[in-house]
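# Chains, contacts and geometry: an overview
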Amino acid sequence: MLLHSENLLEEARRRDADDPLRAFRDRFYRPENGAIYLDGNSLGLLSREAEAATLRVLEEWKRSAIEGWTEASPPWFFLPERLAEQVAPLVGASADAVIVTGSTTVNLHQLLATLFDPGDTARPWILSDALAFPSDIFAIQSHLRLRGLDPAACLVRVPSRDGLTLSEEDILEAFTPEV
């Protein structure tokens, strides 16, 4: 259905009023300036439920200290497994095939801190791709700097031919003895 410009605002308000998901809007804190929030790669808007859950866990931590790992409700120790049980059906996997962890960048930091050891600098290069999220590149650069290496020389980025995907051939070609 094409809308004429004079009816757009009226039609948008009517559709908003009829939207069955409209009630979810009130479950989130929204910017006081009335801005419409469409950012899909950040934390998003804070929900009232997330705030309440965070405050509950902080209170448990305050009361229980280390005992929260086993005595909180639910115990924190089993949180990754519980989250996996909830996420598994969403991705069509069994719970034992799924784990919920930190962000990709945090995991990358941990991986590099644990495994990246250029040693005698025979293999000082790290391979990434041109489509990597900026924070992932910052993580790699920081680990290179921590080891006294120049990111401009030691970070190899596989280019994307189309700006959307990577060629397996290009990736394999980039695996030189220095990587």
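Residues numbered from 1 in each chain as written. Predicted model: local features only at pLDDT ≥ 70, side-chain atom pairs only at ≥ 80, totals over all residues. Heavy atoms only, no water.

## Observations concerning the pattern of salt bridges
This model, assessed by the stated rule, comprises ten salt bridges. With a shortest N-O distance of 2.6 Å, Glu11 and Arg14 are connected by a salt bridge. Here Glu11 and its partner Arg14 are both found in helix α1 (residues 8–18), three residues apart, which amounts to about one turn of the helix. The exposure class assigned to Glu11 is buried, which follows from its relative accessible area of 10%. Assessed through its relative accessible area of 42%, Arg14 is described here as partly exposed. Of the charged contacts, one joins Arg27 and Glu49 as a salt bridge, the two residues approaching to 2.7 Å between their closest N and O atoms. Taken as a pair, Arg27 in the loop between α1 and α2 (48–64) and Glu49 in helix α2 lie far apart in primary sequence, 22 residues in all. (Salt bridge = Lys/Arg side-chain N within 4 Å of Asp/Glu carboxyl O. Helix = DSSP H or I, 4+ residues; strand = E, 2+ residues; numbered from the N terminus. Buried < 20%, exposed > 50% of the residue type's maximum accessible area, 1.4 Å probe, protein only.)

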